[in-house]
Amino acid sequence: MRKQQYLPLAVEYTQELLLVFGKDGDVLEANQSAEKELGYEKGELCRKEILSIFPAIAECTKEKNMAFFTKEELLNTNAYRKNKTCFAVDLRMVILDRANWIFLVSAVNVAKRDSAIRRLERAEEESDQIVRIRNEFVSNITHELRTPLNGILGHVRNLLGETDPVIQRESLELMEHCCEDINQIMNNILNFSKLESGNYILQEKEFSLQKMIEQVMALHMEAINKKGLQLKFMIDDAVPKKVIGDEQKLIQVLNNLLSNAIKFTLEGKIVVEVIQTLQVKDCVELFFVVLDSGIGIKEEDRDKIFQSFSQADGSTTRKYGGTGLGLAVCKELVELMQGSIHVESEEGRGSTFSFSVLLRLPRRKRIEESRTEIQVQSIKNNAMSFVKEAEEDRIYQYGTLENQSELRKELDKMLLCMDMENWEKAEQIADSIKKLVQGGEEEIRRAAFRMEMAARKADKEKAMAAYERIENDFITEKGE
């Protein structure tokens, strides 16, 4: 009998396993999916026994079970590969040629099918999430732009009928502030668009880090004073005076974090600290911390605040404003400067945003300064050595002004580290405090030791108790 072609070319590439077998149980044809899934080379499946692949269909081929083929019932069974391993399938069998007893087996890999279904469901969920976030973003942008635009419109109308120069000036200043708000919103959108398209390029130059941070702080002093907040700024002595990097992008990140800290802090304090964490040749890694005592962030919302078009809570947007792009832009900018950004927060107990960036030291200037310092130092070395030794002695002489001043600095650093739960740094500071109180009473020396041990174990409760004990003794000693 002439061999018939039962598998058209169209089904050769389907994901289903298709096998045709005859009355004697030998496989006559198989598509590519069957060969691949079952581990056979092309054409190797032919003349294999169908029962070696699907043992469970043995009973289905008997005449008494012919109803199985006419109803196309589904069979949940296993398919066996060439290497004797198996996988679950949903199997159907139909008779292609009743006169010659030719059968077709159609099987679907259950695991792959379920995985594909899950991927499809996830894709649908992500699509829905994107649509929801984009819609919320458009709503937020509309609200954010409408507020300053309405403010401008209202003041323009007032100015049209106003003759008092004082009131006119106040209205113009408010209009200027509204325009600045609009400009900030548009900058966030444009910056995000550039970052998304990969068109953001670092514009590096030499700048003074101290001066840059002071300028950023000055920009926000009016808002800080208006809300009656305390602002504390600390920069570690090891931080270089001048660095090479993109000053404007660093300003943008700090501005955004400081603006958020002010926005979400109704009372209390804001702390900004900068430390150097790493130096390799002419590159330095700087670590920035912006801590506030504001409303904090829910645990379930922390992961999404750096996502595009997203904020911790929709109600937060309505109450405090914001487009949901600021922190996403910050993340992209920080990563562009070879760093990372993180947040630690607890609802109702404030937030601590920290980020690191990689900057370079001015090589030529560093060499020139080093040469100058060496020349000057060679002249002053003998005269200053005695003075320095005396100063160091007074720093570690408990109760002196130098000692108390240094102790206050270290205590402030310790409190910040405990708030941030930076226990590695806290352990180092606790060791410095222990040395500074060596000449004090036994109780304060014990407290310093307990604080170091607690920092070593990352035990915030015990570390804070020891800190408060030292703090109380310090205040008593100062007579405050």
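These numbers come from a predicted model, not from an experiment. (Residues numbered from 1 in each chain as written. Predicted model: local features only at pLDDT ≥ 70, side-chain atom pairs only at ≥ 80, totals over all residues. Heavy atoms only, no water.)

Caption draft 1: Region of the structure containing the overall build of the protein. If you tally the helices and strands in the protein, you get 13 helices and twelve strands. A buried classification covers 40% of the 480 residues belonging to the protein. Long-range contacts, defined here as pairs at least 24 residues apart, represent 61% of the contacts in the protein between residues at least 6 apart. When the accessible surface of the protein is summed, it comes to about 28,500 Å², and 49% of that surface belongs to carbon and sulfur atoms. (Helix = DSSP H or I, 4+ residues; strand = E, 2+ residues; numbered from the N terminus. Buried < 20%, exposed > 50% of the residue type's maximum accessible area, 1.4 Å probe, protein only. Contact = heavy atoms within 4.5 Å. Areas by Shrake-Rupley, 256 points an atom, 1.4 Å probe, with all protein chains shown as cover.)

Caption draft 2: Layout of helix α5 (residues 209–227). Look at α5: 27 Å from first C-alpha to last across 19 residues, which is about the 27 Å you get at 1.5 Å a residue. At H220, α5 is deflected by roughly 45 degrees, the largest bend along its length. By the burial criterion, the buried members of α5 are L209, M212, I213, V216, M217, H220 and I224. Where α5 is buried, its residues contact β6 (205–208), β7 (230–235), β8 (242–245), α6 (247–263), β9 (269–280) and β10 (283–292). If you check the start of α5, you find a side-chain oxygen 3.2 Å away from the backbone N of K211, and it comes from S208. Phi turns positive one or two residues past the end of α5, at G228, with a value near 70 degrees. (Expected span 1.5 Å × (residues − 1). Bend = angle between axes of the 7 residues up to and from the residue. Polar contact = N/O pair within 3.5 Å; in protein donor to acceptor, adjacent residues only side chain to side chain.)

Caption draft 3: Expanded view of the packing of α5 against α6. α6 packs onto α5 with a crossing angle of 25 degrees between their chain directions and a minimal axis gap of 10 Å. Compared by their axis directions, α5 and α6 come out roughly parallel. Here α5 runs over α6; the crossing is right-handed. Of the residues in α6, those touching α5 at L209, M212, I213, Q215, V216, M217, L219, H220, A223, I224 and K227 are E247, L250, I251, L254, N255, L258, S259, I262 and K263. Residue composition of the contact of α5 with α6, grouped by class: 13 nonpolar, four polar and three charged. (Axes fitted to C-alpha atoms, helices over the stretch in contact; angles between N-to-C directions. Parallel < 35°, antiparallel > 145°, perpendicular 65-115°, else oblique. Left-handed = near helix turned anticlockwise from the far one by under 90°. Nonpolar A, V, L, I, M, F, W, Y, C, P; charged D, E, K, R; others polar.)

Caption draft 4: Summary view of the packing of aromatic side chains. Applying the stated criterion across every chain yields a total of three aromatic pairs. On the basis of an interplanar angle of 40 degrees and a centroid distance of 6.0 Å, the ring pair of W101 and F103 is categorised as tilted. Of the residues examined, W101 reaches a relative accessible area of 24% and is grouped as partly exposed. By relative accessible area, which is 3% here, F103 ends up buried. Ring geometry for F288 and F355: centres 4.8 Å apart, planes at 0 degrees, overall stacked. In this pair, F288 is assigned in strand β10 and F355 in strand β12 (residues 351–360), connecting sequence segments 67 residues apart. Per residue, the accessibility class of F288 equals that of F355, and both read buried. Taken together through their ring pairs, the aromatic side chains of F21, W101 and F103 make up a single cluster. (Phe/Tyr/Trp six-rings, centres within 6.5 Å; stacked < 30°, edge-to-face > 60°.)

Caption draft 5: Fine view of a negative patch on the surface. Taken together, the side chains of E121, E124, E125, E126 and D128 make up a negatively charged region of the molecular surface. Looking at the secondary structure, you find E125 in helix α3 (residues 110–160). (Patch = residues over 30% accessible without salt bridge, like charges linked within 9 Å, V, L, I, M, F, W, Y side chains within 5 Å. Salt bridge = Lys/Arg side-chain N within 4 Å of Asp/Glu carboxyl O. Lys, Arg positive; Asp, Glu negative; His and termini not counted. Charge placed at Lys NZ, Arg CZ, Asp CG, Glu CD.)

Caption draft 6: Main features of the nonpolar core. Residues L209, M212, L250, F288 and F355 are the most contacted members of the largest nonpolar core, which totals 41 residues. Within the residue set of this core, elements represented by two or more residues are α5, α6, β9, β10, α8 (326–336), β11 (341–345) and β12. A per-element tally of this core places α6 first, with eight residues. Those residues within four positions of L250 in sequence are excluded, and the remaining contacts are F207, L209, M212, F288, M337, F355, V357 and L359. If you look at the next biggest cluster of nonpolar residues, it comprises 24 residues, including Y398, L407, L436 and A463. (Core = buried A, V, L, I, M, F, W, Y, C linked by side-chain atoms within 4.5 Å.)

Caption draft 7: How the structure looks around the side chain of D97. Structurally, D97 is set in strand β4 (residues 86–97). At 8.2 Å, R98 is the nearest oppositely charged side chain to D97, a buried residue that forms no salt bridge. There is a polar contact of 3.1 Å between the side chain of D97 and the backbone nitrogen of A99. Here the side chain of D97 touches N100 through a polar contact of 2.8 Å, side chain to side chain.

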